[in-house]
Amino acid sequence: MEYESVLLIKPEVFIYKIPPRASNRGYRAADWNLGEPTWTGRMRLVAKGIVCHLKLEDKASGALFANCPIDTYPGVAIEAVSDSSRYFVIRVQDDNGRSAFLGLGFGDRSDSFDLNVALQDHFKWVKNQEQIEKEKTQPKQELDLGFKEGETIKINMRITKKDGSEGVSRTTKAKTSGGILPPPPGNLGKIAPPPANVASSTRQSPGTSPAHKPTVNNAGTEWTDYASAGNNSGQNPTPPQQNTNATANANWVQF
């Protein structure tokens, strides 16, 4: 069962008797004697399913004066005039199917604008309903969204920790740590220091007894004599001291 819904109500409209159309240029409201309307009353625009009716009713009693069934808009049932936006030509019909053309006018331009919008919205809804019914009868083409053989998918995921900071996925960690080698175990790769007796050893000439072995600072090396010999070059020689053990030092190698 279809219910009747009211799309628009205007409390006052004007109806005019109009002359036959003189040419194909359209109707003109200036030819209607606008100061003397034939009838004044209320207009109701109602819809029952996809069918729309413009009904002219008495203001006080609500008695029907004329009914204008509208199947399309714009169309023959209701048509705007060529010289004004407040006037229309409507085709009214009685129960026997007889029809006549009357002039319809509004006192304000906003009322005629509301009628235009109401009619456009209704027939836009009718078009959508027809499209829905058409889709029900026609089979829909199903899309194959499955993976083909050999196809793969890659997903980048962001891992969020409990404190709100973003973590790094396992794959990212594996990539970043792949090019770094671990450190060698223990003391592998370290160079051991030389033994202490090598640094403190000095060169001894043959025939020198251990008792006359010169004392050398532990911090020095076997190159001390060479350094001291180089530092004394070019300076005034100091007189040699008397050495009682000259015979024992005769075999000392001088550089």
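Going by what an unreviewed UniProt entry lists, the chain is known as NECAP PHear domain-containing protein and is assigned to Glossina brevipalpis. In its Sequence similarities (unreviewed entry) section, UniProt records this for the chain: "Belongs to the NECAP family."

Moving on, we get to the environment of phenylalanine 14. The topology assignment puts phenylalanine 14 in strand 1 (residues 4-17). In this structure phenylalanine 14 touches Pro37, Trp39, Thr40, Gly103, Leu104, Gly105, Phe106 and Gly107, once residues within four positions along its chain are discounted.

So, on to the side chain of serine 84. With respect to the secondary-structure elements, serine 84 resides in the loop between strand 5 (78-80) and strand 6 (87-93). A residue is classified by how much of its surface remains accessible, and serine 84, at 18% relative accessible area, is buried. Reaching out from serine 84, the side chain makes a polar contact with the backbone nitrogen of arginine 86 at a distance of 3.2 Å.

Our next topic: the side chain of arginine 44. Looking at the secondary structure, you find arginine 44 in strand 2 (residues 39-48). The class for arginine 44 is buried, based on a relative accessible area of 18%. A polar contact of 2.9 Å, which involves the side chain of arginine 44, links it to the side chain of glutamate 57.

Judged from the nine bridges that link them, strand 1 and strand 2 form a sheet pairing that is antiparallel. Within strand 2, the position partnered with isoleucine 15 by the bridge is tryptophan 39. Relative to strand 7 (residues 99-105), strand 1 runs antiparallel, the two sharing four bridges. Bridge pairing links isoleucine 15 to leucine 104 in strand 7.

Next up on the list: helix 1 (residues 109-137). With 29 residues, helix 1 should reach 42 Å at 1.5 Å per residue; the first-to-last C-alpha distance of 43 Å fits that figure. Taken together, the buried positions of helix 1 are occupied by Asp111, Ser112, Leu115, Ala118, Leu119, His122, Phe123 and Val126.

Considering all chains together, one arrives at eight salt bridges under this definition. With a shortest N-O distance of 2.8 Å, aspartate 114 and lysine 10 are connected by a salt bridge. Remark: lysine 10 occurs in strand 1 and aspartate 114 occurs in helix 1; sequence separation between them is 104 residues. With a relative accessible area of 30%, aspartate 114 lands in the partly exposed category. Between arginine 42 and glutamate 57 there is a salt bridge whose closest N-O contact spans 2.6 Å. Here arginine 42, found in strand 2, pairs with glutamate 57, found in strand 3 (residues 51-57); they are 15 residues apart in sequence, far enough to count as distant. One connected set of salt bridges, linked through shared partners, spans Lys10, Asp111 and Asp114.

Burial analysis of strand 2 places seven of its ten residues in the buried class, which makes it a mostly covered element. Where strand 2 meets strand 3, seven bridges bridge the pair, whose relative direction is antiparallel. In the sheet register, arginine 44 faces strand 3, and the bridge partner there is lysine 55. Between the antiparallel neighbours strand 2 and strand 3 lie two residues, among them glycine 49 with a positive phi of about 70°.

Taken together, the side chains of Phe147, Ile153, Ile155 and Met157 define a hydrophobic patch exposed on the protein surface, amounting to about 520 Å² of accessible area. Along the chain, isoleucine 153 falls in the loop between helix 1 and helix 2 (170-176). Given a relative accessible area of 59%, isoleucine 153 falls into the exposed group.

Grouped together as the largest cluster of nonpolar side chains are 25 residues, with contacts concentrated most on Leu54, Leu56, Ile70 and Leu115. For this core, the secondary structure elements donating two or more residues are strand 1, strand 2, strand 3, strand 4 (64-70), strand 6, strand 7 and helix 1. Tallying contributions element by element places helix 1 first for this core, with four residues. In this structure, isoleucine 70 is in contact with Leu45, Cys52, Leu54, Ala77, Ile78, Leu119 and Phe123, ignoring residues within four places of it in sequence. Core analysis: the second largest hydrophobic core is formed by nine residues, Phe14, Tyr16, Ala29 and Tyr87 among them.

Reading guide: rules and limits
- Residues numbered from 1 in each chain as written.
- Predicted model: local features only at pLDDT ≥ 70, side-chain atom pairs only at ≥ 80, totals over all residues.
- Heavy atoms only, no water.
- UniProt positions renumbered as here; feature names shortened; annotations may be inferred.
- Helix = DSSP H or I, 4+ residues; strand = E, 2+ residues; numbered from the N terminus.
- Contact = heavy atoms within 4.5 Å.
- Buried < 20%, exposed > 50% of the residue type's maximum accessible area, 1.4 Å probe, protein only.
- Polar contact = N/O pair within 3.5 Å; in protein donor to acceptor, adjacent residues only side chain to side chain.
- Pairing = 2+ DSSP bridges.
- Expected span 1.5 Å × (residues − 1).
- Salt bridge = Lys/Arg side-chain N within 4 Å of Asp/Glu carboxyl O.
- Patch = residues over 30% accessible without salt bridge, like charges linked within 9 Å, V, L, I, M, F, W, Y side chains within 5 Å.
- Areas by Shrake-Rupley, 256 points an atom, 1.4 Å probe, with all protein chains shown as cover.
- Core = buried A, V, L, I, M, F, W, Y, C linked by side-chain atoms within 4.5 Å.

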